[in-house]
Structure formats: C-alpha cells, structure tokens
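Working through the structure, step by step
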Amino acid sequence: MNPSIAANQQRLFLAFVAELRPHVRRDSALPRRIKELLARQRAIGSRDRKLYRELIYTWLRFLPWTDPLLDQDPALAGKVIAWLAPELKATSHYRAALCADWPVAPASLAEKAAMLTARVAGAQPADAPFAVPRAEPTRLEAGFQPDPSSQVSGLRIQVSDLLPAWFAEHCPAAFQPPHLDAINSRANVWVRLQCNDRNIVLDEFRAKQWTWETAADFPDALCLPPNAEVANTDAYRRGFVEIQDLGSQLVLATAPIPPGGRWLDACAGAGGKTLQLARLLSDVGHVDATDIRPEILEELRDRAQRARLTNVRITNIPEAAYDGILVDAPCSGSGTWRRQPHLKWYVKPETISSFAKTQLAILTAHAPRVKPGGVLIYATCSLSHHENHDVVAAFLQAHPQFKAVPAADTHGGTFDGLGTTLLPGTRNTDGFYVATLRASA
Ligand SMILES: C[S@@+](CC[C@H](N)C(=O)[O-])C[C@H]1O[C@@H](n2cnc3c(N)ncnc32)[C@H](O)[C@@H]1O
C-alpha cells in the first residue's frame, strides 16, 4: 500500500477517535454511534469502513494503553493501534504500511505489553504476574530495540489495566491468562446449523472456499473465518443457519431439555436462544417468547419465520404455567466485553448492583409460572458473581421449593454448586453463567 494512503487513513481514523472519545465512558450505545459515524462517511468504501471499524474497536479494547499516547503523540497512538489490530483482510495492508519497522505483534497480551513497553515506554512492564518469560528479553533485544524518538513519558502498559480494576473482586479469573487474552481479542464468528440436512449449508460454504472448525461436543456449531459474511449467504437468508457465539449456544446444552413441553422464553430479545430452544423441543413442544422491548420481538418474529419454526409464539401475556422457563437476563455483558469493549469502561459497580436487583426481580416474577417438577433456567452473559451465583443464592433462599440441579454437561465450564460459569479463555467463546433450578414436584 502507498504510504500516503495509509497516512490519510490514519488521519481519518484519528478524527473518528477524536469525535468518539468524549462519549466512551458515558454512552452505553456507543456501537450505534460508531455505526452512524461510519455511515455518514459517504466517500469511503465498504473495505475502508471495515478497516475503521476494526481500528475503533481495537482502540476501545486497548484504551488504557493508547489514551495517554493520543494526548502526547497521536500518530504514534495510531501506529500502536494498527499494530494491535486483529489480522484481517481489511487491516493487513494498512498495518504493513504503518508498522513496517516493527515486528509482527505476538499473540499473547504479556508479550504485546513487553514489546510495546520496550518500544514506546522504555521499560519492562510492571505487571509481575504477567511478566514475559526469561527468554523474551533476548527476542526483545534482537528485534525490538527501544526507539528513543518514540518514547512517551509516564506511559504504563500493563495487561491488568485492560479490565477495570474494580472488576477483580467480581471475577478474579478474568485477570489471568488465558481469559484476559480472550476477553481482549476479537471474537470468532460462530454459527448454529438449524436444518436437518447440514450439506445444504456446508456446500455453500465450501463453494465460497470458507474453512471451518467444529465443536466436538456440539456438532451444530461451526466456527468460520473472521471475514465470512454469513448474513450474505443463501443458507442464512433461508434460515438454515444462525449467527450465535458458541458460548451462547452452550447455555441450553447444559440443561436437560427433552423434546415436548410448553416453555416460556421470558427475556427473548431477538431470539438467539428462542430459536435454539424451539428446535430442541421439536414439533411436539412449544415456546412462548416475551420481552419488555416489543420492537426486538419483531426481529424474533422474522427470524422464526425464516427458520420455518411453527412452534414459537410471541406474546406479552405469558400463561400461568410452563414446563420450563428460560430467563436469559439483562446483565452487564462482561462475558461479551470482547465484542463490546466500550462496556469495560462504561459499566460501573453500581451498574452491576442495579442489574442484580433486576435479575432477582425477573426470576421472582416468573417463579410462580413454573409447574411443579418444571425448571427455571437462569442465564447471563456476565462474569460477575454478583449477577450470577449471588442472584441464584438469593432466589433460592426466598424460594425453597426450587433446587439447583448440577449441569448435565458443563462443556468445559465450572459448576459452583448452583450454576456453571464458562470463562472466555476456556474455549475462546463469550463467557456465560447458567443455573438450572427445578421446582419440587
Ligand atoms: C441478554 S438479553 C436476551 C438475549 C436473548 N435471549 C438471545 O439469546 O438473543 C436480555 C433481554 O432481556 C430483556 N429485558 C430486560 N428487562 C426485562 C424484563 N423485566 N422482563 C423481560 N425482559 C426484560 C431485554 O430487553 C433484553 O432483550
């Protein structure tokens, strides 16, 4: 790439950052703001739009590493962000043009921190628990000498800063590799097959020369290359496949859900889990889906139609009794911070306490609708024990007729006596928590 093109792109990217910066810690809907900002740029093509999007998300992921640089040396900040950006078609030429004199970024956060510290802060990182292994300084000395022209005073590059410090009490494991690395990397593209003949989907993916990985314990899940535009496939348009992270797919796989029965999806949203639940229940079962946001249920209606599911009904008046109720509760979303990195800086301990109250209130409101012997499945995409174990414990204390049931299969997660947590680094997925609570017969 012509270096002047990359320099122009960097200037435009830094202008976007300047526009977004005042909103980072204040706007929970920052992704919408980013989308609108990029949509307003009529002069840029779709490839460049992807580049800017990746750069903006990389900046948000690594905010504490790049914020001081943005104030002191914006061009160096731009270079660091290019260096840290995920390896994609859209980013690779730009990075090559801007970072030609830097070695390729290593995979681990600890090594990234060590290299950047040597390059721009002139010292080894202070993070003792994440210090690079002894062999690393040799490589640093050989390939990544400090550059006195790009030394920034007072810059601190610590891997633990990539999560808010207060979060350590909520989920200490999130601060350790491999989870911290997974939380601070780009999420994979996972799809869930929802057709009986998987070859319909696989033939189209093969024709596009996409390769995929499968999850051995979950054959309907496929991990596609990061540039796979699933929403533009025939298989997607015809409802044979849905985009859904493996973590989200595994939530229902932890619980005993035999075909048949009448279920309520109490926080259905756009219906990622409603569709999966409807397939598990098969034609002999039925799901009622509800949510406090009527507009999101319209999206669910379209998806259910596309998937030819006739056993899903959208309602705002749930029935009095169900065999099972899924409460996929609103939460801080800390398990999805790699997709929504702005939330790391927006969410506060008070946000978590407020979600915990709402979560308990939703469980309490739906408990009377569970038939004797039926199940209440509580799930979040949070990693905070205040939204997970503590909510379930408070619910069980007030509802002794319910008992926590151990997961049929934790799929790599950890059962804490009440529910199962899957941390992001375990299987490189979004993090989730799920508890199955059975009402006495
Ligand atoms: C984690 S999202 C659900 C995601 C969805 N189940 C899926 O798999 O795609 C939580 C949902 O709860 C909804 N919600 C928030 N408060 C609620 C309440 N009091 N009752 C029902 N739904 C609520 C939100 O509108 C949001 O759609």
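Only a predicted model underlies this, so the values are computations on that prediction, with no experimental measurement involved.

This part is about the overall build of the protein chain. From N to C terminus, the protein chain includes 18 helices and 13 strands. Here the C-alpha radius of gyration of the protein chain, 23 Å, is about what a compact globule of 441 residues would show, namely 22 Å. Here the C-alpha coordinates of the protein chain stretch approximately 70 × 50 × 40 Å along the principal axes. Expressed as a percentage of the 441 residues in the protein chain, the buried residues total 55%. The contacts of the protein chain with a sequence gap of at least 6 include a subset with a gap of at least 24, amounting to 72%. Carbon together with sulfur atoms contributes 55% to the accessible area of the protein chain, which is approximately 19000 Å² in total.

A word on the confidence of the model for the protein chain. On average, the protein chain scores 91 in pLDDT, and the residues at 70 or more come to 92%. Between residues 123-146, whose pLDDT stays under 50, and residues either more than four places distant or in other chains, the model counts 45 contacts.

Let's shift gears to the UniProt feature "active site" (unreviewed entry) in the protein chain. Here the UniProt-annotated "active site" (unreviewed entry) positions come out as Cys381. Of note, cysteine 381 is situated in the loop between strand S9 (370-380) and helix H17 (389-398).

What follows covers the packing of aromatic side chains. Two aromatic rings are characterised by how far apart their centres lie and by the angle between their planes. Counting across every chain of the model gives 8 aromatic pairs. Ring geometry for phenylalanine 62 versus tryptophan 65: centroids 5.2 Å apart, planes at 45°, classification tilted. Ring geometry for tryptophan 83 and tryptophan 102: centres 5.7 Å apart, planes at 80°, overall edge-to-face. A residue pair is termed long-range when its members are at least 10 positions apart, and tryptophan 83 in helix H5 (residues 74-84) and tryptophan 102 in the loop between helix H6 (89-98) and helix H7 (109-121) qualify at 19 residues. Each member of the pair, tryptophan 83 as well as tryptophan 102, carries the same accessibility label: buried. When the ring centre of tyrosine 57 is taken as reference, the NZ or CZ atom of arginine 53 above it lies at 4.6 Å. Of note, arginine 306 hangs over the ring of tyrosine 236, and the distance from its end group to the ring centre comes to 4.4 Å.

Cut-offs used in this document
Residues numbered from 1 in each chain as written. Predicted model: local features only at pLDDT ≥ 70, side-chain atom pairs only at ≥ 80, totals over all residues. Heavy atoms only, no water. Helix = DSSP H or I, 4+ residues; strand = E, 2+ residues; numbered from the N terminus. Rg over C-alpha atoms; globule rule 2.2 N^0.38 Å. Buried < 20%, exposed > 50% of the residue type's maximum accessible area, 1.4 Å probe, protein only. Contact = heavy atoms within 4.5 Å. Areas by Shrake-Rupley, 256 points an atom, 1.4 Å probe, with all protein chains shown as cover. pLDDT = per-residue confidence, 0-100. UniProt positions renumbered as here; feature names shortened; annotations may be inferred. Phe/Tyr/Trp six-rings, centres within 6.5 Å; stacked < 30°, edge-to-face > 60°. Lys NZ or Arg CZ within 6 Å of the ring centre and 35° of its normal.

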